[in-house]
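Below, each chain spelled out in residue letters.
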Amino acid sequence: MNEVHWGLLVAAYLFLAGAGAGALFISGSLVLSNKIEDKHHLDTAKISTILGTLLLIIGTGMIVFDLTSFQYGIAHGDMSKFFRFYRLFMTFEPSSMMSIGTWLLTLAIIFALLFCLSFRVKANQPGYSRPFAMINVILAICVASYTALLIGDISHNLVWSNSILVVIFLLSALSCGAAVVLMVKTRLKITDTNHSFAKSDSALLALELLTVCVFAYSIRNISIFNGVDNLLSISSDAGAIWWLGAVLIGLIMPLLLNVTSIIGKTVASHSKEYLLAVLILIGAFCLRYSVLLAGQYY
Amino acid sequence: MLDRRRALKLLAGGAIATTGVMFIPAGSAIAAIRQQGKKRLAMVIDLSRCNGCKACVVSCGMENGTKPDEHRTQVIQTSAEIGNKQYAFNLPIMCNNCETPSCVSVCPTGATFKREEDGIVVVDSTLCIGCNYCIQACPYGGVRFTNSTTGTVDKCNFCIQRTSRGLLPACVETCTGGARVFGDINDVNSEISKLLSQSNPMVLQASKQTSPNVFYIGLTQEESNTAFSIHSPQLWQR
Amino acid sequence: MDRRNFLKAGSVAAVMTAGTASTQVMSSANSKTSDADINRYAPTSLTPEYRFDADNKMIENQDQRFAFSKCYGCFNVCGARLSIDNKTDKVLRAVGNPYTLTNNAGQPMTMETSPKDAMFQLSAASGLSQSNRATLCGRGNAVPDAFDDKHRITSCMKRVGNRGENRWQTISYEQLLQEVVDGGDLFGEGHVEGLKAIHANPALANPAYPDFGPVKNQLLVSTSSEQGARADFMHRFVSDAWGTPNIGTKDSYCGHQQVAGCALGCFDAVDEMALPQVDYEESKFAIFIGTNPGTSGNGLNVGSRRLSKARSDRTDFKYVVIDPILRSLTSETDTTNGEWLPIKSGGDTALMFAMLQYIINHERYRRPYLEAPSQASADAVGEMNYTNATYLVVKDKTHPLYNQFLTAEACGLGDAEVKMVIDKQTGQLVTGDSEQAAQLFYKESVTLGDGSQVQVETAFSLLKQRVNSHSMQDLSKRCEIPVAKIEELAKEFTSHGRSVSIETNTGCNATDGGQFAFAMIMLATMVGAHNAKGGMMHMGGVGYASMYDIYDGPLYNLMDFEHTEVVGFNAERSGDYEQSHEYQQKVAQGLNPYPANEAWNNTFVQDNSGELLVAHANKNPFNFKAWITWSTNPIYGCSGLQDQVEDSIKDPKQLGLIIALDPYINETNVFADYIVPDTLQYEAWANSRMWGSEYIGDVACVPVVESRTAKTANGDHVNMEQFIIDVSKAIGLKGFGDNAFKDLQGKPHSLNSPADFYVPLFANIAHTGTVLPTPTEEDIKFTSVDRALPMFEARLKPQELGPTAYMLTRGGRFERVDERYEGEFFNAAMRMDTQFQIYNESLARVKDSFTGECNDGLPVYDVDRFWDGSAVREHWNEKDYPFNFSTFKLHLRSPYSVSLPRITALGDTNYIQLHQDDAAKYNLKSGDKAQVLSPKGKYLEGIVQADKTVALGTIVVGMGYGHTAFGASAVEVDGTVRPGIKERGTGICPNAFNVVDPTRKGASLYRDRTFGSTARHGVPVGIKKV
Ligand SMILES: Nc1nc2c(c(=O)[nH]1)N[C@H]1C(S)=C(S)[C@@H](COP(=O)(O)OP(=O)(O)OC[C@H]3O[C@@H](n4cnc5c(=O)[nH]c(N)nc54)[C@H](O)[C@@H]3O)O[C@H]1N2
Ligand SMILES: Nc1nc2c(c(=O)[nH]1)N[C@H]1C(S)=C(S)[C@@H](COP(=O)(O)OP(=O)(O)OC[C@H]3O[C@@H](n4cnc5c(=O)[nH]c(N)nc54)[C@H](O)[C@@H]3O)O[C@H]1N2
Ligand code: SF4
Ligand code: SF4
Ligand code: SF4
Ligand code: SF4
Ligand code: SF4
Ligand SMILES: [Mo]
């Protein structure tokens, strides 16, 4: 019966920050690995970094749009409220995940930008990007898990305060990153001939599916224990989004697509790869949206 | 007794009994608060005196300038069955101005904090950015809300504009049942102190460990463990 | 010390004040919170009207002022204290007045307490117990929002288009005045007779009904009856200056039958009033039947707190609420002391009879009390009052005293005033003024003075037979309360001596509401609870106007002008049918005068706006020519009325001129031709008793904010009084304008403005009994009385000024009784010493206008019947209409609180409420839509709420929703449309739907059998799922 205070915009924030972090993680890893020697891997890394950075920035924008002070500023033409979010940067509150996140994202965005620039400055010396890649990989893990910690810090929340969410959000961020990278690759017309991408993606998705099911099961039990209807029951909005969006569209279908191409030993068509990526991204968004909603249902 | 709980669940509209069903008599919490020796403003609501008139709700809105459908306090009303007989259940709820508030630590700007001098948990409307994090963090559904006049978060602050000026909160002044009593629980001579020591006060959702400063007389254990929300639908029109 | 004892001690100490003051005061001394801090923490909150500094000195807020006024959020009329913004002249906040007994429980502050000190005592800074707070209810707190309501009427308006279309043009006050006084072709619909012509016409209104008076009786005035002196002002115009008997109020469709019914048990009369209250402080067992203290009637604020104190402070107090629906006060914290007992609507008299049967058959009554035939004999046995239980009723049909008490005159032992009893000791026939106990049971012949024999029986013996006329089972079935429960109630009620009580108000409103109340008083009489400590308090809610002649000195004789004689019966036929032209004609023609052509009522004068409109709709005795309606809303509030009369109101041919005086467009005055904007509470002069006060007390106040209404050419605000004054002057009526009244020295005074009336009236009240002292400068300034003082200085003699101002600085005059009790009883001031009636002789003389037979002197238990005596259930069977219908007043609503946004926000709709088992039979559950079906052919469609909190067999709908006016629908003014507000039109109103009496001719209302007042409960209805 609580009002839904955190809806689409916050879901978009969690999703975009996760996807951006995922993309940065993968591009960082590419740079750190030897693969970077490959031109097309280098291009993939570059573009993924840029995309990841953009996603981070847009994601952070979402949280600002969600601020009631910001919305009030727009609705009432009140500049002081419009710019009120600057308050976030006037203090560091170590007890507040939101404050930690603010600075974390700020740092992440700064280093992501530097990472982007590093490609440009010494375009042909990937080695130059390495330290930035290193930092970005670490920050990416922090950002991806932070999105779970932000809501997980609400300790009385039956849905959010579930530690497995950190793992789920991390895995999901990675698969989002992978999806972004996949799109980049597809765009660059790089084909996944020996199914190495499909294999690792499948493994990731399968792992995620497992954790997601464990989570859903624990929510069911928690719901029963607290005498409420299953907070992720398919009959609720959150449950429907969860089961159809996050699980079916975001995990099972991509998994099937991957597995069919691995088993069929066929190279996935570009359109199929786009589809795969889009499904994963939709799924990841649904995952966060449904978790947000379910946590505000009682 | 089971009956009563079921009736409550059916009608309170979304209220649930929560984890960690816990019986924490308010006494030990009060003792802990007193140990600090500081002025601690608090409210006692004697449910046996409350008749659900909602004068408190309306006066709070008038005094604090919230929109008619935005409430710092609300009275949950439903029926309860006890031993085959039907009774009314009237439960005023509001921000508990907790001793260890879970809303404060999460605030990224320091806009919401607990005042040293009297224990009131305030929101500084010039600092609040409206991220709603504190709303999520408070286990008491709806006691924090966005004041649509300011676009920032609002809540009961024990009518600080009155209580810091030697006056009583608006809801206390006009409580037709005389159910609400306000004062400093660290002043042993205050009415509220005496009331607390003579009765067996309870708080809502003690298991949430926020150590509320709103105490109830006549609350049952089940009710204390139930998560009521200010947004529960107002179905009791009687 | 356990908690209860502590609380008890606490509250006693609280009354003695200083005792419990805490040492560490909560003044600003301890708070360094700056104004700037507060602005940040509470940006939308008000700034307090004053504050207390470190030394507990009050520091006033220069931007605001403080004033006393009254609350008119409903008819309880509580005292209010206000904070007003000086710049905007807006009332920011309203709370209760601590001097009145209707806002406080326990002792109110004494009149000697200075207002500033009173405010200090109420503050946190004083550290005093918060138990003596002065409150307003939810509506009362929300009322300040009414003033700037967009749908409020502030200018003079004239109808555009047809009546009821809600289209208006604003006109000047002067134009309005001229048009309504002079008439003319005002709407292009033909000539409209103006008030002047109507008043001047000496012809009979209807030659076929010469006994209904001249044409000027064709002015109908429907008025508020709850605005105290303002209502008196209106009466002055209607009755004494203009002279028409056709003045209507809501009283008879509110619940006057219960008040009159209670009085049947208290006075040898049929037109008296009584409405005793529970003495919460000492009562051991209280029954509330047809009322819920604290949720509506008889003083919401004070009832609420007195009950809550009693139930939480005392272990020796129990109460039962007998009601078709569970209301919010029987709360679960109180399972040992309180209980809700569901009753099928309309079954109340059955319950009273069943309890009486048990009590009398098991001799659980207070015998010595009932055996005392006189005051002297009562004194001898330590009783405060006595009854006529032992009086002998003549039971010989042929004897002239049949069904009357045997008199000393008939026995040759004295005069007719003295009644006869049988001495208990000697068995001799003796006069009722005997100092000895008399026999309670006696049924035999006695020898009269002329030697003849006559059969007599004591009143009590008759009562015993009467209450045994139906079996316990039958009675139990009617009220749907098990026999065992009834016996338990009867036992409990007779187990605490006199310290028990039973209270009612308007809920028991079936066709036997009057009889119910009579029987209910009888129950209290059985144990002698009247005027007893812990028993029945009879002096509640009385004001100065009813206790003293406040219009007749001590300073000004306000009624000292030449009164107009009122000629003729009133159109609703409240009067003696046998005096009527119709009766006399029939007798002259040798016809049976019974039944009368129309229903008459000869108990008290109803002044029922509803019945007056019914007479109009029936053109019998005539159509009204003009209708002035002020601050009342019969179309919405009077059960059954709307469809009976609406067409006849809408038609300008049947009713030439309708003038409304009101701050709102309501469901009634929406049909008006002209609307005169009236003042809204704080803008108005007020002097009124308060419901629920125990002692004599009046709120009295001047307008404390400037009226929002338009101004006259003279620059005065338009309001009801100004309009009435100007109309009266234009027509040349006495009592207004020059020489309108005199002072005690015989000096004439004029009445040209509201102040000319209220200033001398206030002076009279302030000088009644002990003259009030003079207030200090500070009192006057603090309470903003200085703003009004010039009005008083201009009209009063200097020595009269102080006491009058003193009253205003306290918001009224409130008498204080320090010692509530005198031994086992209330003190003399709070007692209603009278002979309580087992048998009401006066009632036994009142004839039924249908049968021509006399009423019974004892309470009657019967099925519901129509005017012609046929049973309601013969017309409307159990199969089609298996339920009884009932209504109640929602805690947060009054009929007009719908204009308050903070009230509408607290409840979207009302419900069709019934027991879940009943609902299941119709496949209904909470949330479903259903129609309640009335035998009148109408239905009410709404949302079902089905649980276990409604009596079986009863469907309940709360009052205060289902509006079409008050801004619920669009209004067009000067071509611009003010759109309707959705929240104001939600829910359902039970009244248009409710039944009328099909055995009366033409338009009609459903009536109380004894008193003819409008009845609305226990009515057959059906239900259907949609
Ligand atoms: N909230 C509120 N308070 C008000 C007012 C208001 O409009 N709203 N108006 C004021 C006025 S004008 C008045 S007259 C008083 C009236 O005050 P009350 O008479 O006390 O109020 P009601 O709600 O009309 O009726 C009292 C109770 O009677 C019950 N009742 C209905 N039918 C029956 C029946 O057949 N038998 C029995 N035993 N009970 C029945 C109702 O359910 C209700 O609970 O209230 C005053 N105070
Ligand atoms: N079904 C059902 N019907 C009922 C009842 C019930 O319980 N159930 N209750 C009955 C009772 S107890 C009563 S008393 C009647 C009430 O019946 P009414 O007196 O006819 O109804 P109200 O609407 O209260 O009339 C008061 C009017 O005064 C006007 N008014 C409001 N505030 C002010 C003000 O400040 N100044 C001026 N000048 N005017 C103002 C408004 O237009 C309002 O409509 O209804 C009765 N009808
Ligand atoms: S009730 Fe909630 S908002 Fe109020 S102080 Fe406690 S945790 Fe904070
Ligand atoms: S909404 Fe305002 S008070 Fe609440 S956490 Fe955010 S900034 Fe702090
Ligand atoms: S203390 Fe003040 S802010 Fe809090 S609920 Fe009461 S009136 Fe509202
Ligand atoms: S004002 Fe008092 S009695 Fe009325 S609902 Fe609020 S707490 Fe209860
Ligand atoms: S009971 Fe009626 S008069 Fe009294 S405060 Fe409430 S609304 Fe005002
Ligand atoms: Mo009434």
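Residues numbered from 1 in each chain as written. Chains lettered and ligands numbered in written order. Predicted model: local features only at pLDDT ≥ 70, side-chain atom pairs only at ≥ 80, totals over all residues. Heavy atoms only, no water.

Here's the deal with the overall build of chain A
Across its full length, chain A holds 10 helices and zero strands. When the helices and strands of chain A are placed in sequence order, the string is α-α-α-α-α-α-α-α-α-α. Against the globule reference of 19 Å for 298 residues, chain A gives a C-alpha radius of gyration of 20 Å, in line with a compact fold. Put simply, chain A has 298 residues, and 55% of those count as buried. In chain A, of all internal contacts separated by at least 6 residues, the share reaching a separation of at least 24 is 76%. Element-wise, carbon and sulfur atoms account for 71% of the exposed surface of chain A, whose accessible area totals about 12,500 Å². Between the mean site of the 17 positive side-chain charges and the mean site of the 14 negative ones, chain A shows a separation of 11 Å. (Helix = DSSP H or I, 4+ residues; strand = E, 2+ residues; numbered from the N terminus. Rg over C-alpha atoms; globule rule 2.2 N^0.38 Å. Buried < 20%, exposed > 50% of the residue type's maximum accessible area, 1.4 Å probe, protein only. Contact = heavy atoms within 4.5 Å. Areas by Shrake-Rupley, 256 points an atom, 1.4 Å probe, with all protein chains shown as cover. Lys, Arg positive; Asp, Glu negative; His and termini not counted. Charge placed at Lys NZ, Arg CZ, Asp CG, Glu CD.)

Topic: the environment of L8(A)
With respect to the secondary-structure elements, L8(A) resides in helix α1 (residues 8-32). Relative accessible area serves as the criterion here: at 51%, L8(A) is assigned to the exposed category.

As for the pattern of salt bridges
In the structure shown here, the tally under the stated rule is 88 salt bridges over all chains. A salt bridge links R167(C) to E972(C), with the shortest nitrogen-to-oxygen separation between them at 3.4 Å. With R167(C) in strand β7 (residues 167-170) and E972(C) in strand β41 (residues 971-973), this pair connects stretches of sequence that are 805 residues apart. Note that D334(C) and R311(C) form a salt bridge whose closest N and O atoms lie 3.8 Å from each other. Highlighted residues: D334(C) in the loop between β14 (318-323) and β15 (338-342) and R311(C) in helix α10 (residues 300-313), separated in sequence by 23 residues. Across the pair, R311(C) and D334(C) agree in class, each one buried. Overlapping salt bridges bring together E63(B), R162(B), E173(B), E49(C), R81(C) and R93(C) as one network. (Salt bridge = Lys/Arg side-chain N within 4 Å of Asp/Glu carboxyl O.)

A short note on the side chain of Q945(C)
Locating Q945(C) in the fold gives a position in strand β39 (residues 939-947). Polar contacts involving the side chain of Q945(C) include one to the main-chain carbonyl oxygen of L235(B), which spans 2.8 Å. (Polar contact = N/O pair within 3.5 Å; in protein donor to acceptor, adjacent residues only side chain to side chain.)

Notes on the site of ligand 5
Residues and elements named next belong to chain B. The environment of ligand 5 is formed by M43, C60, N64, R72, T73, M94, C156, F158, C159, P169, A170 and C171. Only α3 (55-64) and α6 (170-173) provide two or more residues apiece to the shell around ligand 5. Across the shell around ligand 5, the residue classes break down as nine nonpolar, two polar and one charged. (Near = heavy atom within 4 Å. Nonpolar A, V, L, I, M, F, W, Y, C, P; charged D, E, K, R; others polar.)

Regarding the interface of chain C and chain B
If you look at the interface, chain C gives 92 residues, while chain B gives 91 residues. Across the chain C/chain B interface, buried area totals approximately 7,400 Å², and carbon plus sulfur atoms make up 51% of it. A per-residue breakdown of the area chain C buries against chain B is headed by Y41(C), E332(C) and R902(C), which together make up 11% of the total. Along the contact surface separating chain C from chain B lie 10 salt bridges. Linking E173(B) and R93(C) is a salt bridge whose minimum nitrogen-to-oxygen distance equals 2.4 Å. The tally of links between chain C and chain B comes to 46 residue pairs in polar contact (both at pLDDT 80 or more). In terms of residue count, the dominant contributor to the side of chain C that touches chain B is α10(C) (eight residues). Its residues placed into classes, the side of chain C that touches chain B shows 36 nonpolar, 36 polar and 20 charged. (Buried area = accessible area lost by both parts, 1.4 Å probe.)

A short note on the packing of helix α15 (residues 472-479) of chain C against helix α16 (residues 483-493) of chain C
Residue and element names in this part refer to chain C. Interhelical geometry of α15 versus α16 gives an angle of 95° and a closest axis separation of 9 Å. With respect to α16, the element α15 is oriented roughly perpendicular. Of the residues in α16, those in contact with M472, Q473, S476 and C479 of α15 are V483, I486 and E487. By residue class, the composition of the contact of α15 with α16 is four nonpolar, two polar and one charged. (Axes fitted to C-alpha atoms, helices over the stretch in contact; angles between N-to-C directions. Parallel < 35°, antiparallel > 145°, perpendicular 65-115°, else oblique.)

A word on the site of ligand 4
Around ligand 4, the surrounding shell consists of C107(B), P108(B), T109(B), A111(B), T112(B), C128(B), I129(B), G130(B), C131(B), N132(B), C134(B) and V153(B). A class-by-class count of the residues in the shell around ligand 4 yields eight nonpolar, four polar and no charged.

So, the UniProt feature "transmembrane region" (unreviewed entry) in chain A
Residue and element names in this part refer to chain A. Under the UniProt annotation, the feature "transmembrane region" (unreviewed entry) is placed at residues 6-32, 53-75, 95-119, 131-152, 158-182, 203-220, 240-262 and 274-295. As annotated, residues 240-262 has a helix share of 100% and a strand share of 0%, and its two end C-alpha atoms lie 30 Å apart. What you have in residues 274-295 is 95% helix and 0% strand, and the ends, taken at the C-alpha atoms, are 32 Å apart. (UniProt positions renumbered as here; feature names shortened; annotations may be inferred.)

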